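Structural overview
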Amino acid sequence: MEILVTGGRGALGRHVVRRLTDAGQQVRLLSRRPRPADAPPGVTWLTGDQTDPDAMRAALVGVEAVVHCATNYLRPREDLVGARVLAQAASHAGRPHVVCLGIVGSDRIPYSYYRAKVQVETILTESGLPVTVQRATQFHELFVLAARLLGRSPIVPVPAGFRAQPIAAVDVAERVAELAVGPALGRAPDLGGPVIHDMADLVKTALRRLGKRRLVVPIPLVGKIAHGFRAGYNLAPEHAEGRMTFEEFLDQTGVAA
Ligand SMILES: NC(=O)c1ccc[n+]([C@@H]2O[C@H](COP(=O)([O-])OP(=O)(O)OC[C@H]3O[C@@H](n4cnc5c(N)ncnc54)[C@H](OP(=O)(O)O)[C@@H]3O)[C@@H](O)[C@H]2O)c1
């Protein structure tokens, strides 16, 4: 199959690209950047922006499935434009199966990025295209990044009572690569990591692995977003299907002890 992976350089997209090429699929990778010297072998590299209708029309010619991983965490409104452009371009290009990545609990936690994610899901599902929405819990990568950033200060504040069920991006990629070559499911069952942790413990573990001795201080937060996380809306305990634990991820990625 000819499959387009948007955001194919990102934390998830790079694993999706690898999975699909290993399975013998023809992969087009969309990135805003020019092809680098270390581009994955056997991949057609397309430089373009998800918000550019011409780039998206060109990227979609002859494509049978799209794994839509492009996202802009800092400017989520760009993702809404991207979803509309993708829907329109795909409708004129043979109506490929679109696999859209979402976040567990995004419809119950009123955080601006999550709201945008829900809107992207709605734009794509209401487009009439064959669509599969796969929501996942937070990736392990996110907590290492958080520990790196928060660890710049000697005292590390962490929201009190928040839990997380982190999953390896590679496990999400495996699921998504299977979905891409199958029929559209609408909303697929959520996907979560193997273990639910206290968020403070995750940050402590990552800080320790990074060699940063820091005082982690739980901070009580108020408001609807904090309520959503304390209530566990970001968790999928009934879908703890990711295999790699946070500790295994730290071992595998060489986050030093
Ligand atoms: N991270 C998590 O914990 C998590 C959890 C659940 C679901 N998800 C979802 O999984 C998907 C992938 O997330 P991720 O963490 O892999 O994101 P990421 O690492 O930030 O990768 C996203 C990629 O999108 C590309 N991009 C950004 N703006 C673009 C634009 N205007 N046009 C084209 N490409 C653009 C960027 O690549 P270039 O710089 O190469 O253009 C970037 O590498 C997202 O839908 C996200 O919401 C993430």
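Cut-offs and rules
- Throughout this description, residue numbers start from 1 for each chain and increase along the sequence as written.
- The predicted origin of the model limits local features to residues at a pLDDT of at least 70 and limits the giving and counting of side-chain atom pairs to 80 or more, whereas totals for whole chains, interfaces and linings rest on all residues.
- Side-chain figures throughout are based on the complete set of non-hydrogen atoms in the structure, without hydrogens or water.
- Near is defined per residue: the residue qualifies when any heavy atom it owns lies within 4 Å of the molecule or strand.
- Definition of a polar contact: a pair of N or O atoms within 3.5 Å, with one able to donate and the other able to accept a hydrogen when the atoms are protein atoms, and with sequence-neighbouring residues admitted only if both atoms are side-chain atoms.
- Where accessible areas are quoted, they stem from the Shrake-Rupley method and a 1.4 Å probe; at the residue level, only the protein chains shown are allowed to cover.
- Helix and strand definitions here come from DSSP, where helices need a minimum of 4 consecutive H or I residues and strands a minimum of 2 consecutive E residues; each element is numbered from the N-terminal end.
- Only the six-membered ring of Trp is used, alongside the rings of Phe and Tyr, when aromatic pairs are assigned; centres must lie within 6.5 Å, and planes under 30 degrees apart are stacked while those over 60 apart are edge-to-face, with the rest tilted.
- Three labels apply to residues, based on accessible area from a 1.4 Å probe with only protein chains included: buried if under 20% of the type maximum, exposed if over 50%, partly exposed otherwise in between.
- By definition here, charges over rings are those cases where NZ of Lys or CZ of Arg is within 6 Å of the ring centre and within 35 degrees of the ring normal.
- UniProt positions are given in the numbering used here, feature names are shortened, and annotations may be inferred rather than shown by experiment.
- Strands are treated as partners if at least two bridges between them are detected by DSSP.
- By the criterion used throughout, a crossover qualifies as right-handed when its path from the first strand across the helix to the second strand runs clockwise, the strands pointing away from the viewer.
- In this description, a line fitted to the C-alpha atoms serves as the axis of each element, helices being fitted only across the stretch in contact, and the angle between N-to-C directions of two axes falls anywhere from 0 to 180 degrees.
- If an angle is under 35 degrees, it is roughly parallel; if it is over 145, roughly antiparallel; if it lies from 65 to 115, roughly perpendicular; otherwise it is oblique.
- Note: crossing handedness is left-handed where the near helix turns anticlockwise from the far helix by less than a right angle, and right-handed where it turns clockwise.
- The contact criterion used is simple: two residues touch if any of their non-hydrogen atoms lie within 4.5 Å.
- Residue type decides the class: Asp, Glu, Lys and Arg count as charged, Ala, Val, Leu, Ile, Met, Phe, Trp, Tyr, Cys and Pro as nonpolar, and the leftover types, Gly among them, as polar.

1. A few points about the site of the ligand
For the ligand, the set of nearby residues contains 25 residues, the closest of which are Ser-31, Tyr-73, Glu-78, Tyr-113 and Lys-117. The contact in question runs from an oxygen atom of the ligand to an N or O atom on the side chain of Ser-31, over 2.5 Å. Contact with the protein chains removes 92% of the 890 Å² of surface that the ligand exposes when unbound. Within the residue set of the shell around the ligand, elements represented by two or more residues are strand E5 (97–103) and helix H4 (112–125).

2. Focus: the packing of aromatic side chains
For the structure shown, the criterion picks out four aromatic pairs. Taking 4.7 Å as the distance between ring centres and 40° as the angle between the ring planes, the aromatic pair formed by Tyr-73 and Tyr-113 counts as tilted. Remark: Tyr-113 occurs in helix H4 and Tyr-73 occurs in the loop between strand E4 (65–68) and helix H3 (77–91); sequence separation between them is 40 residues. Look at Phe-162 and Phe-229: their rings are 5.0 Å apart centre to centre, the planes differ by 10°, and that puts the pair in the stacked class. One end of the pair, Phe-162, is in the loop between strand E7 (155–159) and strand E8 (163–164); the other, Phe-229, is in helix H8 (residues 224–230), and 67 residues separate them in sequence. By relative accessible area, which is 9% here, Phe-229 ends up buried. Sitting above the plane of the Tyr-233 ring, Arg-108 keeps its charged end 3.7 Å from the centroid.

3. Observations concerning the UniProt feature "domain: NAD(P)-binding" (unreviewed entry) in the protein chain
Using the residue numbers shown here, the UniProt feature "domain: NAD(P)-binding" (unreviewed entry) corresponds to residues 7–139. End C-alpha to end C-alpha, residues 7–139 measures 16 Å, and it is 35% helix and 21% strand.

4. Re the pairing of strand E2 (residues 26–31)
Extensive coverage of E2 is indicated by the burial of five of its six residues. In this sheet, E2 lies alongside strand E1 (residues 2–6) in parallel orientation, the contact comprising five bridges. If you follow Thr-6 over to E2, its bridge partner there is Leu-30. The β-α-β motif built from E1, the intervening helix H1 (residues 13–22) and the parallel element E2 has right-handed crossover chirality. Note that E2 and strand E3 (residues 43–47) share five bridges and pair parallel. Of the residues in E3, the one forming a bridge with Ser-31 is Thr-47.

5. Looking at the packing of helix H2 (residues 53–60) against H3
Viewed as axis vectors pointing N to C, H2 and H3 meet at an angle of 45°, and their least axial separation amounts to 9 Å. Relative to H3, H2 is oriented oblique. The way H2 lies across H3 gives a crossing that is right-handed. Across the interface between the two elements, Pro-53, Met-56, Arg-57 and Leu-60 from H2 touch Val-85, Leu-86, Ala-89 and Ala-90 from H3. Considered class by class, the residues forming the contact of H2 with H3 number seven nonpolar, no polar and one charged.

6. Re the environment of Phe-139
The topology assignment puts Phe-139 in the loop between strand E6 (131–136) and helix H5 (140–150). Spatially, the C-alpha atoms of Phe-139 and Leu-46 are 26 Å apart, while their sequence positions differ by 93 residues. Setting aside residues up to four positions removed in sequence, Phe-139 forms contacts with Ala-11, Leu-12, Pro-166, Ile-167, Ala-169 and Val-172.

7. Side note on the sheet that holds E6
Read across the open sheet, the seven strands follow the order E3-E2-E1-E4-E5-E6-E9; overall the sheet is parallel. In this open sheet, the two strands that pair with only one neighbour each are E3 and strand E9 (186–187). Sheet contacts for H1: E1, E2, E3 and E4; angle to E1, the most-contacted strand, approximately 165°. In the packing of helix H6 (residues 169–180) onto the sheet, the strands contacted are E4, E5 and E6, and the crossing angle to E5 comes to about 155°.

8. Considerations on the environment of Leu-60
Relative to the helices and strands, Leu-60 is located in helix H2. According to the relative accessible area criterion, Leu-60 is buried, its value standing at 0%. Taking C-alpha positions, Leu-60 is 21 Å from Ala-173, a pair spaced 113 residues apart along the chain. In contact with Leu-60, other than residues within four places in its own chain, are Leu-4, Arg-28, Val-66, Leu-86, Ala-89, Ala-90, Ala-93 and Pro-96.

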